[in-house]
Amino acid sequence: MATPVALLSESVLGWSIFTIVLLVIVAFCWVYIRKYQSRQESEVISTITAICALAIALITSALLPVDIFLVSFMKYPNGTYKEWAASNETRQQIEDTVLYGYYTLYSIILFCVFFWIPFVYFYYEEKDEDNSNKCLQVKNALKYTIGFVIVCSVLLLIGTFVPLESPPNQNSTQWEKVQYLFEELGSSHGLAALSFSISSLTLIGMLAVITYTAYGMSVLPLNLIKGTRSILYERLENTEDKEEVEHQIDKLKAKCADGRPLSMRDRRNLQDLEAKLQVLHRRSRHLEIAERTCCNKVGSALRPMKILLGVFFILVALLFFVTLFISNLDKALHSAGISTGFIIFGTNLTNPLNELLLALQPVFPLDYVLITIITMYFVFTSMAGIRNMGIWFFWIRLYKIRPQRTQPQALLFLCMILLLIVLHTSYMIYSLAPQYVMYGSQKYLLQTPLPTADPSQGNHSTAVTKICDADAPEDQCTVTRSYLFLHKFWFFSTIYYFGNWAFLVVFLIGLVVSCCKGKKSVIEGEVDADDSDVSDDEYVH
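Rules used in this analysis
- Positions within a chain are numbered from 1, following the residues in the order the chain's sequence is written.
- Local features in a predicted model are, by the rule used here, given only for residues with pLDDT of at least 70; side-chain atom pairs are given and counted only at 80 or more, and totals for whole chains, interfaces and linings are based on all residues.
- Derived side-chain values reflect all non-hydrogen atoms in the structure, with water molecules and hydrogen atoms excluded from consideration.
- UniProt positions are given in the numbering used here, feature names are shortened, and annotations may be inferred rather than shown by experiment.
- The helix and strand labels rest on DSSP assignments: H or I over at least four residues marks a helix, E over at least two residues marks a strand, and numbering proceeds from the N terminus.
- Exposure categories follow from relative accessible area, calculated using a 1.4 Å probe and restricted to protein chains: below 20% of the type maximum is buried, above 50% is exposed, and the middle band is partly exposed.
- Under the convention used here, a 1.4 Å probe and the Shrake-Rupley method define accessible areas, while residue burial counts only the protein chains that appear.
- The patches reported here contain residues having more than 30% relative accessible area and no salt bridge. Joining distances are 9 Å for like charges and 5 Å for nonpolar side chains (Val, Leu, Ile, Met, Phe, Trp, Tyr).
- In what follows, salt bridge is the name for a side-chain nitrogen of Lys or Arg lying within 4 Å of a carboxyl oxygen of Asp or Glu.
- In this tally, Asp and Glu contribute negative charge and Lys and Arg positive charge; neither His nor the terminal groups of the chain are included.
- Each Phe, Tyr or Trp ring, with Trp reduced to its six-membered ring, pairs with another whose centre is within 6.5 Å; inter-plane angles below 30 degrees give stacked pairs, above 60 give edge-to-face pairs, and intermediate values give tilted ones.
- Think of it as a cone above the ring: NZ of Lys or CZ of Arg counts as a charge over the ring if it is within 6 Å of the ring centre and within 35 degrees of the ring normal.
- All axes here are fitted lines through C-alpha atoms, helices being fitted over the stretch that makes contact, and every angle between N-to-C directions spans 0 to 180 degrees.
- Geometric relationships in this document are graded by angle, where less than 35 degrees denotes roughly parallel, more than 145 denotes roughly antiparallel, 65 to 115 denotes roughly perpendicular, and other angles denote oblique.
- The contact criterion used throughout is that any non-hydrogen atoms of two residues lie within 4.5 Å.
- Under the scheme applied, nonpolar residues are Ala, Val, Leu, Ile, Met, Phe, Trp, Tyr, Cys and Pro; charged residues are Asp, Glu, Lys and Arg; polar residues are all the others, including Gly.

As recorded in an unreviewed UniProt entry, the chain goes by the name Lysosomal cobalamin transport escort protein LMBD1, listed as coming from Carassius auratus. Listed under Subcellular location (unreviewed entry) in UniProt, the entry text for the chain is "Lysosome membrane". Recorded under Sequence similarities (unreviewed entry), the UniProt text for the chain is reproduced unchanged: "Belongs to the LIMR family. LMBRD1 subfamily."

Structure below.
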């Protein structure tokens, strides 16, 4: 009777913490999206879609510590299985529960990325001013969304019917080979197809991490440390600029005072000066509003705390940099090479973050808290990178992300990028702490023979407790389900490995650029001459 009760208590503990984190994630996503959506162009359907998509991505990352917790708590610190986990069927049941959780969440992610988010985006793009023909709007949105559905179907088919191993009988007929493919699909329960699709999305997420997160990890802490420019100084500077531009406009207009037309060059200069003057007037209004707001006064009072927070963030960023560099170096020196995806089982070089997680893991939920903090750190730094850079398609800026001024389409793009970034954080965490992600704190007993002086006394052995690694017997160490998703296809692991090096290089470049840039304006991003978004200036009171 004690075994089922123990099993229930261990499972309830892990899933209870997961439920609490789930509620916190949903609340965070609601606040986060509401903060950035436009007050005048907000759409209920785009807001709900953005909140749900971001929540699903964060919940998927929150499942990783539960996965590690369940495989770790099957064993005692001495390497023996607990009573409730002694049965192989019980262990398989727990692993299947986590696997079905991944199936569900990853399937929802595929649905969001390849159907729901594109549909909502094109639905809003097809919206007329009079908003009269809803059926035509839905029809056109579905027409454009079909392309995304086709891409998803192709990825699932590739993952399903491209075998990772060749058929055992090379002389088999074509029909027997097809039968083997379907048998492989049934035995893997669709793991290969889903893993291939998710790995493809994670590959896109890797590009977003290299572009936005690497830069955000440097710009966010340095902006906190440097702070913003003085409002009084900015207003004085803006007033001087307005007077200078108005003087230049008066000089140009004086040329045509006697009725003579201006030359083409002077007309072009006059248009540029009038546009510049309009931007300066807008800046003046925004600076006046910023000076009156309570946020500015509170921000000045919290300046010491911002500096401390910035120093903490830059230290965390440097810790990630050093840890990721050591992990990549370990793979370069001790893995089997490019043909295996640079996979290593365990750590050969001292990895500080991996050691910290292994030390915290037995005291659950400390490791859960740390993993959640790491995930949130990636989200915040990614958002900082996106806000500073905007959403680009190669050299074309599509949207800007600004508090309370972000268009619904930009909001969907934002959540799509953050969703892909959070997907890649699973591999980033594996790169930062491979031992922790694979086995948690599991240990096993290794029987070591004892030397005897008299052979007639028989063989004697002693059990030595070792940390689980690739040399451990399969029935003694359980690999997390997350690891199976991450390394189902070796070529994705190879691309991720080189992506980590690119991440390190971009982080260093972003750090140098952020150090060279001066303090940002107190109204940074609110007023720009090349605004591609619909301006909200007329709605500012």
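Picking up after the structure, the text goes on.
**Points about the overall build of the chain**
The helix and strand tally for the chain stands at 16 helices and four strands. Each of the 541 residues in the chain was classed as buried or not, and the buried ones make up 47%. Here the chain displays about 27,400 Å² of accessible surface, and carbon together with sulfur accounts for 64% of that area.

**A look at a nonpolar patch on the surface**
On the surface, Phe-393, Phe-394, Trp-395, Ile-396 and Leu-398 cluster together into a nonpolar patch covering about 630 Å² of accessible area. Its place among the elements puts Phe-394 in the loop between strand S1 (391–393) and strand S2 (396–399).

**So, the side chain of Asp-67**
Tracing the backbone shows Asp-67 in helix H2 (residues 44–72). Buried charged residue Asp-67 carries no salt bridge. Nearest counter-charge: Arg-481, at 5.4 Å.

**Observations regarding the pattern of salt bridges**
One pass over the full model with this rule turns up two salt bridges. Ionic pairing is found between Glu-95 and Arg-481, a salt bridge with its closest N-O pair at 3.4 Å. With Glu-95 in helix H3 (residues 88–125) and Arg-481 in helix H15 (residues 481–486), this residue pair connects regions lying 386 residues apart in the sequence. Between Glu-234 and Arg-283 there is a salt bridge, with the nearest N and O atoms lying 3.1 Å from each other. One end of the pair, Glu-234, is in helix H7 (residues 231–254); the other, Arg-283, is in helix H8 (residues 264–292), and 49 residues separate them in sequence. Both residues of the pair, Glu-234 and Arg-283, count as buried.

**Let's talk about the packing of aromatic side chains**
Across all of its chains, the model carries 27 aromatic pairs by this definition. Between the aromatic rings of Phe-28 and Phe-380, the centroid separation amounts to 5.8 Å while the plane-to-plane angle is 80°, which identifies the pairing as edge-to-face. Linking Phe-28 in helix H1 (residues 2–36) with Phe-380 in helix H12 (residues 366–389), this pair joins segments that are 352 residues apart in sequence. Centroid distance Tyr-32 to Phe-380: 6.4 Å. Interplanar angle 70°. Geometry classified as edge-to-face. Note that Tyr-32 is positioned in helix H1 and Phe-380 in helix H12, a separation of 348 residues in sequence. You can call Tyr-32 buried: its relative accessible area is 7%. One aromatic cluster is present, formed by Phe-196, Tyr-427, Tyr-430, Phe-491, Phe-492 and Tyr-496 through successive ring pairs. Across from the ring centre of Tyr-81, 4.7 Å away, lies the NZ or CZ of Lys-75, which sits over that ring. In this structure, Arg-91 packs its charged tip against the face of Tyr-81, placed 4.1 Å from the ring centre.

**Focus on the packing of helix H10 (residues 303–334) against H12**
Any two packed helices are characterised by how steeply their axes cross, that is the angle between the axes, and by the distance between the axes. Contact geometry of H10 with H12 gives a least axis separation of 12 Å together with a crossing angle of 105°. Taken together, the axes of H10 and H12 are roughly perpendicular relative to one another. Every residue of H12 that contacts H10 at Phe-313, Val-316, Ala-317 and Phe-320 is listed here: Ile-374, Tyr-377 and Phe-378. Here the contact of H10 with H12 is composed, by residue class, of seven nonpolar, no polar and no charged.

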